[in-house]
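Residue-level structure breakdown
The primary structure of each chain is shown beneath.
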Amino acid sequence: MDAPRFSGRKPETPIRLAHILSLVENYLVIVMFKEVPASKRSLYSRSKIFSVGINDAPYKVILRKNGKKFRCPAYVVWSNMIKRCYSTLCQEKNKTYSDCTVCDEWLLFSNFKKWIDGKEIEGNQLDKDLIEPGNRVYCPEKCLMISGSLNKFLIKYHSKESNLPTGVIFQKDAGMFRSRFCHSGKTEHLGYFKTQEEARSVYAKRKAEEFRKKAALNPSVSKYLISFAVELEKESELLNIGV
């Protein structure tokens, strides 16, 4: 029997296994977490989260079992939200949250928990700008729980050249503007153009197409995704007229 041939690439099995184990662990944290009543001493000793968030849960939000920690899923989402808005270190690393805040109602954990109870947490993330693009305040009227992949897609990837619009870079060796669309961990080349307006127009049209695809796959938030698509389509048309 011939010896098996290898392409020289490292086997992907360990990476996939690690990913699967991570998913299983996250699932177990959500399934196995139980609301164990907190002692009076524990309740009184709690301090504010980043000086603003108040954990008023009558139960322990962190359980320890067999050397492992199990955190209340709702508390994890809530505390991460507080951290993004009020942690100096977090904002230094990610300046997009530098002017974000949390509404007074949600500074109290119990209020946030009432909102998130019944919503799917596993695999989803808290989003604040799908309902209202550019929104800077986390509040019940403007937030949704959406899939991590969709949330990542909504992030605007700005060009390193600040004077150019998203999706456009200047290719020095070609002496032209390049349009590119980044999604699902890949970069899609859309072509070279004489002006940045042409390049942006093509990008806007392509992104609109993807928004419509996402809308079909996410019916619960389709109306918001379609509104993004319509906005981008209008922008693409206006840029074409101006060229």
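The structure contained in this document is the topic of the report that follows. (Residues numbered from 1 in each chain as written. Predicted model: local features only at pLDDT ≥ 70, side-chain atom pairs only at ≥ 80, totals over all residues. Heavy atoms only, no water.)

On to unusual backbone geometry, then. With phi around 50°, phenylalanine 50 is a residue other than glycine that occupies positive phi space. In this structure, serine 51 is a non-glycine residue whose phi angle is positive, near 70°. Checked against the element boundaries, serine 51 lands in the loop between helix 2 (40-44) and strand 1 (62-65). (Helix = DSSP H or I, 4+ residues; strand = E, 2+ residues; numbered from the N terminus.)

Another aspect to go through is the packing of aromatic side chains. Scanning the entire structure with this criterion turns up eleven aromatic pairs. Seen in terms of ring centroids, phenylalanine 112 and tryptophan 115 are 5.7 Å apart; in terms of plane orientation they differ by 40°. Their pairing is tilted. Taken as a pair, phenylalanine 112 and tryptophan 115 lie in helix 5 (residues 109-116) at a separation of three residues, close to a single helical turn. Judged by its relative accessible area of 0%, phenylalanine 112 falls in the buried class. (Phe/Tyr/Trp six-rings, centres within 6.5 Å; stacked < 30°, edge-to-face > 60°. Buried < 20%, exposed > 50% of the residue type's maximum accessible area, 1.4 Å probe, protein only.)

Attention now moves to the pairing of strand 2 (residues 68-71). In the case of a regular strand, side chains alternate between the two sheet surfaces. Bridging between strand 1 and strand 2 involves four bridges; their strand directions are antiparallel. Bridge pairing in strand 2 links lysine 65 to lysine 68. If you look at the hairpin formed by strand 1 and strand 2, you'll find two residues sitting between the two strands, and asparagine 66 has a positive phi there, around 55°. (Pairing = 2+ DSSP bridges.)

So, about the side chain of lysine 128. Along the polypeptide, lysine 128 turns up in the loop between strand 4 (124-127) and strand 5 (137-138). Engagement of the side chain of lysine 128 in a polar contact is seen with the side chain of aspartate 129, the distance being 2.6 Å. Apart from the residues within four sequence positions on either side, lysine 128 is in contact with Tyr97, Cys100, Asn135, Arg136, Tyr138, Lys142 and Cys143. (Polar contact = N/O pair within 3.5 Å; in protein donor to acceptor, adjacent residues only side chain to side chain. Contact = heavy atoms within 4.5 Å.)

Tallying each qualifying case throughout the model produces eleven salt bridges. Residue arginine 206 pairs with glutamate 210 through a salt bridge whose shortest N-O separation is 3.0 Å. Residue arginine 206 and its partner glutamate 210 are located together in helix 7 (residues 196-217), separated by four residues, close to a single helical turn. Overall, the relative accessible area of 12% leaves arginine 206 in the buried class. With a relative accessible area of 9%, glutamate 210 lands in the buried category. When salt bridges with common partners are traced through the structure, they connect Glu188, Arg206, Glu209, Glu210 and Lys213 into a single cluster. (Salt bridge = Lys/Arg side-chain N within 4 Å of Asp/Glu carboxyl O.)

Among the nonpolar cores identified, the biggest contains 30 residues, and Met81, Trp106, Phe109, Phe112 and Leu126 are the most heavily contacted of them. Broken down by secondary-structure element, the contributors of at least two residues to this core are helix 3 (73-86) and helix 5. No other element matches the seven residues that helix 3 contributes to this core. With residues up to four places along the chain from it excluded, the contact list for phenylalanine 112 reads Ala74, Val77, Trp78, Met81, Trp106 and Leu126. Phe153, Ala204, Ala215 and Tyr224 belong to the second largest nonpolar core, which has 19 residues in total. (Core = buried A, V, L, I, M, F, W, Y, C linked by side-chain atoms within 4.5 Å.)

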